[in-house]
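Next come the chains, spelled out residue by residue.
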Amino acid sequence: MKKSIISTLFLITVTLVSVQVCSAKEAKQAVDFPVDSKAIDRTNSTRVTSYAPILKKPMDAVVAVTTENLIKVSRGDPMQELLRRFYGMPPSRAPRNRGSQEEEQLTPGGIGSGVIVSSDGYILTNNHVISNRDGEKVDRIMVKLFDGREFEATIVGSDEKTDVAVIKVDAADLPSVPMADSGNLLVGDVVFAIGNPMAVGMTVTKGIISATSRSQLGILGEHSYENFIQTDAAINPGNSGGGLVDAEGRLIGINTAIMSRSGGSNGIGFAIPVNIARGVMMSLVNTGEVQRGFLGVGIADLDKDMAEAFGLESIEGALIQKVEEGLAADNAGIKRGDILIEVDGKKIKSASDLRLIVSAINPGTKVDIRLIREEKELTVVAVLGNLGDPYGTGIGSFIEILDGVLVEPVNDELRETYDLPENVSGLVITEVKQGSPYGSKLRIGMVFLEINGETVADQKDAQKLLRRGINKIYLYFNGYQHYFPLRLR
């Protein structure tokens, strides 16, 4: 049965000109955002008649976020101006006539929410709240507090893979909400969703935690990191970026998406756990980018038959299918056939767990890894690599070698994702952005085997070999290898 996953925010797609970015690298010292690690007191059964005292602080800290985009419009036709001003006709995008004037104009973008997490103006929200449908950042962001004050915000940074963004307003002594440890959540805990749904104004809905660790839903797309809190607290369009808070008024998640056929709340809402959002925010504020740990392994889930074949009683863990030579796992002595069951004190129940936990740890960190090898448990120590630069080449693993075309060297995970045979090596296209001039010719999953007669192993090879004008590309796609002419502009 086909499910429709609908984002909680609908943005108007327009042409972008610029976005103001606040450079976190200028900070003189690292910024920290404290966490209240105390678990909720679930033993108190006193009859509750109102949640108002609990919700006052988080309501003050949740903001409405509105965005605007800069477009160019032509003026000069008096009749067009009359229709536009008095009858709501849209600005003309027709070619400029002689004598007309072109000017820039801000137009409404979208509406969402955000959460102030520090008194000096740092705000957590969703990446899609501050982006249009093309993934480009908006030109102007305004935030409105519960008390009516309004501020213009700048973008500190954002992360598409988790849909987390950090924006900041230039103000002091702002109301903020404390962050809890979302690892303490249990199904059945009472929660509140706070935001600006349908632009009606600040709204609170109540529900419970319906599930934790929801992943592989396809909400954030390929190569993303989904690990959602599921709740039946009503979430609607405009709630994106708002806060999910616990019964003590602490932030436990960032409301992000709903599962619905109608576009409204059906009691299946999803929030990014604050532990993930906080980790992304710390990286963006302190380093200007998100750095993720990397082991360098191909992994798979265990099923009942596979567990029996390895002499295991449980299907929990991540089976190592392949170990990349020279990377963190190989250096730690991890071998093909090992079953990883714990990393850095956190249990591994599935391959998805391993990917999420490792990616949340900073590159260069030493971690203890418990594993099962030939039915015996042992512990190894690994120094995690950098997902963005696994071989330390100084360039990222995902690189835009052509305008709007991102590639990555073929590895075990990408072979599985794109069903690539073992004898295919090169650079696989992982994303072709909307609006790319090569979008009509190149497809996700194509593999560059050779460029102008030379094999390509990494992005540096491609950047050296590609030239302006016509290029002779030898590529693999859908089971076939063939030559392909590609003209660079």
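Look above for the structure.
Presented here is a report on the structure given in the accompanying data block. Here the residue numbering is sequential within each chain, running from 1 through the sequence in written order. Totals for whole chains, interfaces and linings use all residues, but because this is a predicted model, local features are given only for residues with pLDDT of at least 70 and pairs of side-chain atoms are given and counted only at 80 or more. Side-chain metrics in this entry use all non-hydrogen atoms of the structure; hydrogen atoms and water are not considered.

## Regarding the overall build of the chain
Logical step 1: The secondary structure content of the chain amounts to eight helices and 30 strands.
Logical step 2: With a 1.4 Å probe rolled over the protein chains alone, any residue whose accessible area is under 20% of its type maximum counts as buried; one over 50% counts as exposed, and the rest are partly exposed. For the chain, with 489 residues in total, the buried portion stands at 47%.
Logical step 3: Every accessible area reported is derived by Shrake-Rupley at a probe size of 1.4 Å, with residue values counting cover from the shown protein chains alone. When the accessible surface of the chain is split by element, carbon and sulfur atoms take 48% of a total near 24,900 Å². In this description a helix means any DSSP run of H or I spanning at least four residues, a strand means any run of E spanning at least two, and both kinds are numbered starting from the N terminus.

## Quick word on the environment of valine 381
Logical step 1: As for its position among the elements, valine 381 is in strand β22 (residues 376-383).
Logical step 2: Judged by its relative accessible area of 48%, valine 381 is partly exposed.
Logical step 3: With 48 residues separating them in the primary sequence, valine 381 and glycine 333 have C-alpha atoms 8.6 Å apart.
Logical step 4: Sequence-distant contacts of valine 381, that is, excluding residues within four places in its chain, are made with Ala332, Lys366, Val367 and Asp368. Contact criterion: two residues are considered in contact whenever any of their non-hydrogen atoms come within 4.5 Å of each other.

## Overview of the nonpolar core
Logical step 1: Val117, Leu124, Val143 and Leu251 are the most contacted members of the largest nonpolar core, which totals 51 residues.
Logical step 2: Broken down by element, this core gets its largest block of residues, seven residues, from helix α3 (residues 274-287). Residues enter a nonpolar core if they are buried and are Ala, Val, Leu, Ile, Met, Phe, Trp, Tyr or Cys, with the set joined through side-chain atoms within 4.5 Å.

## Observations concerning the pattern of salt bridges
Logical step 1: What makes a salt bridge here is a side-chain nitrogen of Lys or Arg within 4 Å of a carboxyl oxygen of Asp or Glu, nothing more. Counting across every chain of the model gives 14 salt bridges.
Logical step 2: A salt bridge links lysine 38 to glutamate 248, with the nearest nitrogen and oxygen atoms 4.0 Å apart. Pair noted here: lysine 38 is in the loop between β2 (35-36) and α1 (52-61) and glutamate 248 is in the loop between β13 (243-246) and β14 (251-259), with a separation of 210 residues, a long-range link.
Logical step 3: Under the relative-accessibility criterion, glutamate 248 is labelled partly exposed at 34%.

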